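Here is how the chains run, residue by residue.
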Amino acid sequence: MRRTVPAVAALALGVSLTLSGCFANPLEQLTGGLIEGGVEQIIEDQTGVDVDVDGSGASLPDSWPADVPTLQGEIVFSAAAEGVFTAAIKVGSLAEAEQAYADLEGAGYTQISELSLGEGSSARVFENGTWNVALLVAQNDDGTAQVQYTVGPVN
């Protein structure tokens, strides 16, 4: 599991940053017309991670923990592997994205760390005795925002 967790986190961060609009979409550049299912299958075969990537119409993994409050928005990426989950969700504004912090606290999670990443970006980690939830919030150039969830069991 130790190798899977960093792999999922690295994959999630890379895909979420590129699909956020900050960089060119690698799926458009690399697939050359391959259909979404084929791309997902290639990623899953190479990483062993259950992936849903397409920038529109993705969904949370069926096994996403029900006790982790999750914002409503456009799910642009999700993955699950060995009890670790990640998703990138695009919402309408930075204020809406930052609501994810309050939602976790309202559900009984305790904030254990915080990092300011500059204007329009921040990261916080929460836990509730069962789950660690790391949230990365970033504002997109068009005024929308993206929230990156990484959820794993408390060890």
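Residues numbered from 1 in each chain as written. Predicted model: local features only at pLDDT ≥ 70, side-chain atom pairs only at ≥ 80, totals over all residues. Heavy atoms only, no water.

**Observations concerning the overall build of the chain**
For the chain, the helix and strand inventory stands at four helices and seven strands. The order of α-helices and β-strands along the chain, N terminus first, is α-α-α-β-β-β-α-β-β-β-β. Expressed as a percentage of its 155 residues, the buried residues of the chain come to 40%. Long-range pairs, those at least 24 residues apart, make up 47% of the contacts in the chain between residues at least 6 apart in sequence. By element, 52% of the accessible surface of the chain is carried by carbon and sulfur atoms, the whole surface being about 8,000 Å². (Helix = DSSP H or I, 4+ residues; strand = E, 2+ residues; numbered from the N terminus. Buried < 20%, exposed > 50% of the residue type's maximum accessible area, 1.4 Å probe, protein only. Contact = heavy atoms within 4.5 Å. Areas by Shrake-Rupley, 256 points an atom, 1.4 Å probe, with all protein chains shown as cover.)

**Regarding the environment of isoleucine 75**
Mapped onto the elements, isoleucine 75 comes out in strand 2 (residues 74-81). Sequence spacing of isoleucine 75 and glutamine 148 is 73 residues, and the spatial spacing of their C-alpha atoms is 9.9 Å.

**Describing the nonpolar core**
Core analysis: the largest hydrophobic core is formed by 25 residues, its most contacted members being Val68, Val133, Leu135, Val147 and Tyr149. For this core, the secondary structure elements donating two or more residues are strand 2, strand 3 (84-91), helix 4 (94-106), strand 6 (131-139) and strand 7 (145-153). Element by element, the count of residues in this core is highest for helix 4, at five residues. When neighbours within four sequence positions are excluded, leucine 135 is seen to be in contact with Ala100, Tyr101, Leu104, Ser122, Ala123, Arg124, Phe126, Val147, Gln148 and Tyr149. (Core = buried A, V, L, I, M, F, W, Y, C linked by side-chain atoms within 4.5 Å.)

**Describing helix 4**
Under the 1.5 Å per step criterion, the end-to-end length of helix 4 is 19 Å for 13 residues, consistent within 8% with the ideal 18 Å. Those residues of helix 4 that fall on the buried side of the exposure criterion are Leu94, Ala97, Ala100, Tyr101 and Leu104. (Expected span 1.5 Å × (residues − 1).)

**Brief notes about the pattern of salt bridges**
With the rule as written, the count across this model stands at one salt bridge. A salt bridge links glutamate 114 to arginine 124, with the nearest nitrogen and oxygen atoms 3.5 Å apart. Of this pair, glutamate 114 sits in strand 4 (residues 110-116) while arginine 124 is found in strand 5 (residues 121-127), placing the two residues ten residues apart along the sequence. (Salt bridge = Lys/Arg side-chain N within 4 Å of Asp/Glu carboxyl O.)

**Describing the pairing of strand 4**
Consecutive side chains along a regular strand alternate between the two faces of the sheet. Here strand 4 pairs with strand 5 via six bridges, running antiparallel. Bridge assignment links glutamate 114 to a residue of strand 5, and that residue is arginine 124. (Pairing = 2+ DSSP bridges.)

**Remarks on the confidence of the model for the chain**
Detailed reading of the predicted model is not advised wherever pLDDT is low. Of the residues in the chain, 63% reach a pLDDT of 70 or more, and the chain-wide mean stands at 76. Below a pLDDT of 50 lies the segment residues 1-11, which in the model reaches 14 contacts outside its immediate sequence neighbourhood of four places, other chains included. Residue range residues 15-39 is modelled with pLDDT below 50. Its contacts to residues more than four positions away, or to other chains, number 29 contacts. (pLDDT = per-residue confidence, 0-100.)

**Details of the environment of leucine 115**
Looking at where leucine 115 falls in the secondary structure, it is placed in strand 4. Residue classification places leucine 115 among the partly exposed residues on the basis of a relative accessible area of 46%. Spatially, the C-alpha atom of leucine 115 lies 9.2 Å from that of leucine 136, the residues being 21 residues apart in sequence. In contact with leucine 115, not counting residues within four places along its chain, are Ser122 and Ala123.

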